[in-house]
Amino acid sequence: MKKKKIYIIIITIAFALLLAIISVFLFTKDNKISKDIATNIALDYANVNKKDTSNIKVEIDNYIYEIEFSDKNYKYEIEVDSKTGNVIKYEKDIISKSPISNNNTAISEEEAKKIATDYLNINVEDVSFTKNKLDYDDGNLIYELEFYYNGNEYEFDIDAYNKEIINVSIDNNNYDTNTSNNYIGLEKAKEEVKNHYKKDNIFFIKAEFDFDNKTPIYELEFYDNNKKYEYEVNAISGNIIKYEISNID
């Protein structure tokens, strides 16, 4: 009889412990920051005052808060981890562009890079760009820049005439940078092309990192003497693996 009582006590204690463990697990599993806190985190990250915003929309999907809002100039889309409160994605799109500048001279590639890095308060020398392309978008001449810094992926669209940031996107994906992968970097790839072409004053209209059949490469394009030149440079060895010349119609 005594043994039976001991068994009952042991089973009761074990059951109570099991319930406690389950309760802790469920609390931890569902413990997340509120929508209001997530919204404030997003506003602080964007450096926007709530009273200056409109159309705030908050949804949660798979423990990620998806927050959208606008101010008078930009529309923001921000993702916040509901467990940690960390911003894992940030996107800012311009709503109303400034009038086209009377200055008909486009800014240089280096000026566009500096605008992007100044926006983040980092040094341009600390960044390895994976894309730097000058292109037209809806009739506007735009610099499209991409780079990685401290585990984040950054994308910028910058108006080449009035220096305005049209779009900025930040994705926290802990991606290893080019330098950590022993890649030569975009600037070194440009030097290889200049050496091959035997000319220094080249204005690249495209300079970006990519993969070709799992081989990391830099793709570079420029115009000279009514011809278009396209180069592919091995991102590890620096060897030029392909180049094409075509006439401009």
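Residues numbered from 1 in each chain as written. Predicted model: local features only at pLDDT ≥ 70, side-chain atom pairs only at ≥ 80, totals over all residues. Heavy atoms only, no water.

K.L.:
Can you lay out unusual backbone geometry for me, pointing to particular residues and giving the numbers?
P.N.:
Here the phi dihedral of N121 falls at roughly 60°; this positive angle occurs in a residue that is not glycine. As for its placement among the helices and strands, N121 is situated in the loop between α3 (109-119) and β5 (128-137). In this structure N121 comes out as exposed when scored by relative accessible area, which is 71%. One non-glycine residue, N225, lies in the positive phi region at around 50°. (Helix = DSSP H or I, 4+ residues; strand = E, 2+ residues; numbered from the N terminus. Buried < 20%, exposed > 50% of the residue type's maximum accessible area, 1.4 Å probe, protein only.)

K.L.:
Account for α3, with residues named and values stated.
P.N.:
Within the sequence span of α3, burial applies to E109, A112, K113, I115, A116 and T117. The inward-facing, buried residues of α3 contact β5, β6 (140-149), β7 (152-159), β8 (165-172), α4 (186-197) and β9 (204-212). Immediately downstream of α3, the backbone of N121 shows phi near 60°, a positive value. (Contact = heavy atoms within 4.5 Å.)

K.L.:
Describe the packing of aromatic side chains, with residues and values.
P.N.:
This structure, assessed with the given rule, holds 17 aromatic pairs. Measuring from ring centre to ring centre gives 5.6 Å for F209 and Y218, while their planes differ by 65°; the resulting arrangement is edge-to-face. Among the aromatic residues, ring-to-ring pairing joins Y197, F204, F222, Y229, Y231 and Y243 into one connected group. Against the face of Y63 rests K83, its NZ or CZ located 4.9 Å from the ring centre. A cation over a ring is seen here: K92 above Y74, with NZ or CZ 4.2 Å from the ring centre. (Phe/Tyr/Trp six-rings, centres within 6.5 Å; stacked < 30°, edge-to-face > 60°. Lys NZ or Arg CZ within 6 Å of the ring centre and 35° of its normal.)

K.L.:
So what about the side chain of N132? Which residues, and what values?
P.N.:
As for its placement among the helices and strands, N132 is situated in strand β5. Classification of N132 as buried rests on a relative accessible area of 2%. At 2.9 Å, the side chain of N132 and the side chain of E109 are in polar contact. If sequence neighbours within four positions are ignored, N132 has contacts with E109, K113, Y143, E144, L145, L186, K190, I205, K206, A207 and E208. (Polar contact = N/O pair within 3.5 Å; in protein donor to acceptor, adjacent residues only side chain to side chain.)

K.L.:
Provide a residue-level description of the nonpolar core, including the pertinent values.
P.N.:
Nonpolar side chains tend toward joint burial in soluble globular proteins. Judged by nonpolar contacts, the single largest core of 55 residues is most densely connected at F69, V80, F147, F156, I158, Y218 and L220. No other element matches β6, which puts five residues into this core. Once residues lying within four places of it in the same chain are set aside, the contact partners of I158 are I107, A112, I115, A116, L141, I142, Y143, L145, K163, E164, I165 and I166. (Core = buried A, V, L, I, M, F, W, Y, C linked by side-chain atoms within 4.5 Å.)

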